[in-house]
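A structural walkthrough
The chain contents come next:
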Amino acid sequence: MDAPTNQELIRTTCPRDCYDACGIIVVKRRGETRVLGDPEHPSSRGVLCGKCAVAYNGAWRDPAVRLRTPLRRVGSKGEGKFEPIDWDDAFALVAGRFNEIIERTGGHGILHTHYTGTCSLIAGWFPLRFFNRIGAVEVDPDTVCNKAGHVALEMVFGDSLRGFDPRTSHLADCILIWGANPSSSAPHADKHWLGETPAKKVVIDPIRHPTAARADLHLQLRPGTDAAMAFALLHVLAREGRIDREFIAAHTVGWHAVESQLAACTPDWGERATGVPRDKIVKAAQIYGAGRSLLWLGQGLQRQATGGNVVRACSLLPIATGMIGKPGAGFLYMLGFPCRGIDMDYLLQSSLRPTGSAGPISHMDLPARLEDPAATKALVTWNNNIAASSPQQKRIREALRRTDLFHVAVDLFSTDTTDFADILLPAASFLEFDDLVLSYFNYSVSAQVKAIDPIGSSLSNQEIFRRLSHAMGLTDPALFESDTDILDRLLQQTGISETFSSLAAKGTVPYREAPVIPFETLSFPTPSGKIEISSERFSKLGLPYGPIPHVDEGPAAGRLRVLSPASAWLLNSSYNNDPRIRQRLKRPTVALHPEEAAWHGVSEGSAVELVNSTGRLPLNVTITDAVPPGVALVHKGRWPKLDPSGCNVNALNPGAKTDLAESSAVHSVEVELVPLDRIANPPSEDTAPANLVQQPESGS
């Protein structure tokens, strides 16, 4: 794309927590700057998603909204009152407190939380070198999102971060999307990749989101019945001779523990267990088993109490049909950096960590850890917004008020979390420094190129922690490695034969010209070297030896199961502070099935509260059959401080853990709905939606 002589075009890449990793063109002309989609990028094709198009031309470049200078708290914690200080004073204050804590109690007295505020390699991972060096305790970032799925797939296949190459979809006869909503979380893959593939598309999801509505077949199952659905599909595949027994015998261990359960998991049983008509179950199995199939496992799928078992069960589909190690076949959860050559030990410098340092804790244990003054003397929050995005919202906010907790926040904006900080350090945005972006859906390598100067005196994450290391008197060379040297080293590891300059000119290049076929050699990094369907390793962790067709008990009559997926206008908690996006979000709502609304005596727009033992959340009702009975759909990501209620859906999340990896079971939260302007008399139990009273027969 050539620029007219009177304007400058800069290619860069969106590093948000999104499958697409879109290419961007920053256009500078006559003193004005616009952020647009790169027409030559295979995902964005010249158009950014709505939220990024608005925010990147709004709040992200607005000096009135961005943090511009370091700040020191002058009000009470939570008030968000600060005074400006310079960087030298800020680093001196933080370094002094951290060195004092390390000397008195050790680095384990410093806790840090981070996640996907940016997903670029250096800004997202270099700071861990600092935290490793001082022996700080990490709050495991994946436990708030997708850890159960990762650990389940690692135990079965040896690796959760290798997946099918989307470029092979033309060879697939079926694409099965299970527990993912590409229309919100991968809008360009949804529009282009799914929209253009000739493969049949099957979606399994409790919500009829736009991707599901456009699919060839949508199985709208009840929440908590995914494992049962997997076994019902396997029953049909076995009945119709679609099981690849040669593959199973040669490349797996533990199939017997699954096969012994299949006879009972008939389509009729599946209908009773999941709420999906038997004919749809049969049809989905026939489509999946008719040829080569791709399975997209969503991260939302495993955010339930038995998330580990669910992912084990769903992963049986490509295993049982031998759809592993072939083009146009396989599964994808996420693509990791190592599958493109990145050495994570180099990036993180784990060897800096003192021997015997405390390991990470789960996000589910964060409130208790923050409440304990003996365990936690200081907190660093960077790349995340725990006061909005973490479970047990009220409890976390109260813990953040501890006057003896020294809290340092690194962010672009004044968020719910930064309002509690003692020292607030302004971070530069992705438009303001060079980095690399590796999509977790496509096998690509992309340049994130500096396009504008930092707002105010803001610094990149990595530069903040370099300078803090210096202020603390640390001397390890890895803490001071320059961006230029790191970029050179990372690009060498990928083997793509590009310098950063040449990559910046192109924007994005494929990791390899030919499509990548994961597990092509059918060698698996498990203890047996095979796919471990069943294993004593699972038993030792308290899980069944093999996956089981478990069915959750549904909510009792009158109660609802809360599902809180991504919004089309927010990305986790990003973008809610952009005024134009807030206009599009309007008031927060809970979506109910018409039967559910009638039973509770509410109508469109009714004011209600969702209530459980953890908290209360006021909302307005919207009615749609896109959600099944028994479900309350509330999108995540709103900033509590920008809502009159002062809370969001995490006010209802008690922080329950999944069956594996101490991950978030947020999609198993249950509530009661309390009408605030009831329009009808309270219903009797015998008029409750039938599937809330009659529980499905046990599938275990």
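Rules of the game
For every chain, the first residue of the written sequence is number 1, and numbering continues from 1 onward in sequence order. In view of the model being predicted, local features appear only for residues whose pLDDT reaches at least 70, and side-chain atom pairs are presented and counted only at 80 or more, with totals across whole chains, interfaces and linings using the full set of residues. Water and hydrogen atoms play no part in the side-chain values, which are based on all heavy atoms of the structure. Each helix is a run of H or I in the DSSP string that is no shorter than four residues. Each strand is a run of E no shorter than two, and both are numbered from the N terminus. The globule rule is 2.2 Å times the number of residues to the power 0.38, and the radius of gyration it is compared with is taken over C-alpha atoms. Relative accessible area decides the class of each residue, using a 1.4 Å probe on protein chains only: under 20% of the type maximum gives buried, over 50% gives exposed, and in between gives partly exposed. It only takes one pair of heavy atoms within 4.5 Å for two residues to be counted as in contact. Put simply, a nonpolar core is a bunch of buried Ala, Val, Leu, Ile, Met, Phe, Trp, Tyr and Cys residues held in one set by side-chain atoms that sit within 4.5 Å of each other. Put simply, two rings from Phe, Tyr or Trp (the six-membered ring, in Trp's case) pair if the centres are within 6.5 Å, and we call them stacked under 30 degrees between planes, edge-to-face over 60, tilted for the rest. Over a ring means this: the NZ of a Lys or the CZ of an Arg is within 6 Å of the ring centre and within 35 degrees of the ring normal. Strand pairing follows a simple DSSP-based rule, namely that at least 2 bridges must link the two strands. Axes here mean lines fitted to C-alpha atoms, for a helix over just the part in contact, with angles spanning 0 to 180 degrees between N-to-C directions. Each reported salt bridge corresponds to a side-chain nitrogen of Lys or Arg within 4 Å of a carboxyl oxygen of Asp or Glu. An angle counts as roughly parallel when it lies under 35 degrees, as roughly antiparallel when it exceeds 145, as roughly perpendicular when it falls between 65 and 115, and as oblique in every other case. Two helices that cross are described as forming a left-handed crossing if the nearer one is turned anticlockwise from the farther one by less than a right angle, and a right-handed crossing if clockwise. Gly counts as polar in this scheme, as do all residues outside two lists: the nonpolar Ala, Val, Leu, Ile, Met, Phe, Trp, Tyr, Cys and Pro, and the charged Asp, Glu, Lys and Arg. A helix is expected to reach a length of 1.5 Å times the quantity of its residues less one.

Check the secondary structure of the protein and you find 26 helices and 26 strands. For the protein, whose C-alpha radius of gyration is 25 Å, the value lies close to the compact-globule estimate of 27 Å for 700 residues. Structurally, the protein occupies a C-alpha span of about 70 × 65 × 55 Å along its principal axes. A burial count over the protein gives 61% of its 700 residues as buried. Residue pairs at least 24 apart in sequence account for 77% of intrachain contacts in the protein once pairs closer than 6 positions are excluded.

Take Gly325: it is sitting in the loop between helix 15 (316-320) and strand 13 (330-332). With a relative accessible area of 19%, Gly325 lands in the buried category. Each C-alpha atom, one on Gly325 and one on Ala64, is 52 Å from the other, the two residues being 261 residues apart in sequence. Beyond its immediate chain neighbours, meaning those up to four positions away, Gly325 contacts Ile517, Pro518, Phe519, Glu520 and Leu522.

Bringing the nonpolar core into the picture now. If you look at the biggest cluster of nonpolar residues, it comprises 107 residues, and the most contacted ones within it are Tyr56, Phe98 and Trp296. Residue contacts for Tyr56: discarding those within four places in its chain leaves Cys14, Arg16, Ile24, Val35, Leu48, Arg61, Phe430 and Tyr575. One finds Leu217, Phe231, Tyr288 and Leu317 within the second-largest nonpolar core, a separate group that totals 62 residues.

Looking now at the packing of aromatic side chains. Each aromatic ring pair is specified by the distance between its two centres and by the angle formed by the two planes. One pass over the structure, following the stated rule, counts 26 aromatic pairs. Considering the side-chain rings of Phe130 and Phe465, the 5.4 Å spacing of their centres and the 40° angle between planes classify their relative orientation as tilted. Note that Phe130 is positioned in helix 4 (residues 127-134) and Phe465 in helix 20 (residues 461-471), a separation of 335 residues in sequence. Their ring planes at 10° and their centres at 6.1 Å tell us that Phe131 and Trp382 sit as a pair that is stacked. A residue pair is termed long-range when its members are at least 10 positions apart, and Phe131 in helix 4 and Trp382 in strand 14 (residues 378-382) qualify at 251 residues. Across the pair, exposure class does not vary: Phe131 and Trp382 are buried alike. Through successive ring pairs, a cluster of aromatic residues spans Tyr19, Phe164, Trp193, Trp296, Tyr440 and Phe441. Sitting above the plane of the Tyr346 ring, Arg129 keeps its charged end 5.1 Å from the centroid.

One open sheet accounts for 7 strands, arranged 5-4-16-15-14-6-7; its pairing is mixed. In this open sheet, the two edge strands, each paired with only one partner strand, are strand 5 (82-84) and strand 7 (137-139). Within the sheet, the average angular offset between the axes of one strand and its neighbour, ignoring direction, is 20°. Bridge count between strand 6 (residues 110-113) and strand 7: 3 bridges; the pairing is parallel. From the neighbouring strand, Leu111 faces strand 7, where its bridge partner is Val137. Contacts from helix 4 reach strand 6, strand 7 and strand 14, with the element oriented near 165° to strand 14.

A word on the pattern of salt bridges. Taken as a whole, this structure holds 37 salt bridges when the rule is applied. One salt bridge connects Glu100 with Arg104, and the closest N-O pair in it is separated by 3.4 Å. Taken together, the residues Glu100 and Arg104, both in helix 2 (residues 87-105) and 4 residues apart, mark about one turn of the helix. Notably, a salt bridge pairs Glu481 with Arg129, separated by 2.9 Å at the nearest N-O pair. Here the residue Glu481 occupies a position in the loop between helix 20 and helix 21 (483-494), and Arg129 occupies one in helix 4, the gap between them amounting to 352 residues. Here Arg129 falls in the buried class, since its relative accessible area comes to 0%.

A separate point is the packing of helix 2 against helix 20. The interhelical angle for the contact between helix 2 and helix 20, taken along N-to-C directions, is 60°, at an axis separation of 9 Å. Compared by their axis directions, helix 2 and helix 20 come out oblique. Handedness of the helix 2/helix 20 crossing: right-handed. On helix 20, the residues that touch Trp87, Phe91, Val94, Ala95 and Phe98 of helix 2 are Ile464, Arg467, Leu468 and Ala471. Looking at side-chain class alone, the contact of helix 2 with helix 20 contains 8 nonpolar, no polar and 1 charged residues.

Moving on, we get to helix 13 (residues 278-289). With 12 residues, helix 13 should cover 16 Å at 1.5 Å per step; its first-to-last C-alpha distance of 17 Å lies within 8% of that length. For helix 13, every residue scored as buried is listed here: Ile281, Val282, Ala284, Ala285, Ile287, Tyr288 and Gly289.

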